[in-house]
Amino acid sequence: MAETPGKAWPANLPPMPQIDFAQYGEVEMRDLSRSQLYAGAFLGRNWAQIPHVTHHDEAPIDALNARRKALAEDLGRKLTPLPFLIKALVNALKEFPQFNASLAPGGKQLVLKHYFHIGIATETPQGLLVPVIRDADRKSLAELADELVEKAARARDKGLPMGEMSGGSMTISSLGSIGGTAFTPIINAPEVAILGITREFERLVLEEGQVVSRRFLPLSLSYDHRVINGADAARFCRFLAQQLADPAALM
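Residues numbered from 1 in each chain as written. Predicted model: local features only at pLDDT ≥ 70, side-chain atom pairs only at ≥ 80, totals over all residues. Heavy atoms only, no water.

The name an unreviewed UniProt entry gives the protein is 2-oxo acid dehydrogenase subunit E2, with Stutzerimonas tarimensis as the organism.

Of the strand pairs in this sheet, strand S1 (residues 52-60) and strand S11 (residues 210-224) are connected by nine bridges, and their pairing is antiparallel. Its bridge partner lying in S11, Pro-60 is registered against Phe-216. By the bridge criterion, five bridges tie strand S9 (residues 193-197) to S11 in an arrangement that is antiparallel. Bridging from a neighbouring strand, Ala-193 pairs with Tyr-223 of S11. Pairing of strand S10 (residues 201-207) with S11, which is carried by seven bridges, proceeds in the antiparallel orientation. The residue bridging Leu-204 from the neighbouring strand is Ser-213, located in S11. (Pairing = 2+ DSSP bridges. Helix = DSSP H or I, 4+ residues; strand = E, 2+ residues; numbered from the N terminus.)

Turning our eyes to something else, we now look at unusual backbone geometry. Following Ala-189, the chain continues into Pro-190 via a peptide bond in cis, with omega recorded as 10°. For Pro-190, the position within the fold is in the loop between strand S8 (170-174) and S9. Even without glycine at this site, Asp-135 takes up a positive phi of about 50°. As for its position among the elements, Asp-135 is in the loop between strand S7 (132-133) and helix H4 (141-157). For Asp-135, a relative accessible area of 25% corresponds to the partly exposed category. With phi around 50°, Glu-208 is a residue other than glycine that occupies positive phi space. As for its placement among the helices and strands, Glu-208 is situated in the loop between S10 and S11. (Buried < 20%, exposed > 50% of the residue type's maximum accessible area, 1.4 Å probe, protein only.)

Written out as structure tokens, the structure is:
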């Protein structure tokens, strides 16, 4: 369907309602930031034009938490789970190359990427930005941790140039420090999938006849159904969960 300049896509949708809210009570007008306007336009486009499906899963992370705390002590500083998540995601992209891809213009070919650049959705006072960690497969956990801190600080203080927010293989959107159990992250086009993370939780499980407490990390994978089917998404999440369950392999 061809787009009509100046009109919402697709053209047959009715216009959004225009309401004078002041008739119902006191209101206040507040301008959206430049970054919010920019991001909102692209998020709206991505949601409208990409057939999203979200698959949810859980990863056991007791071993990861222990390894993370030990490494943080060795490094002498705080260490979040994000570097481990990046490493696990890179391994999953290597195992399932159709996730490290983009649809070519026209939608008849798939561009398979042989690099591993991971975007990290970052909340800033100006709005949502997505700095990209390039060549994540070639960096250690400590190097990833340093770059995450550095890029997040620059994103919050001054913003980032487009060159540092482009060319990603796949994006991680983490709400783990805030809360939640699951959500549907919007794909960061032209990528074909995005991984959402929410807060880890504790559950009692039966192991070898004993009831024990274990911690799990919720995974929410949104994917472009034109490229990825549900079975592949389920296998991707299972592989990712297994990677997170065995953090020694990520070191």
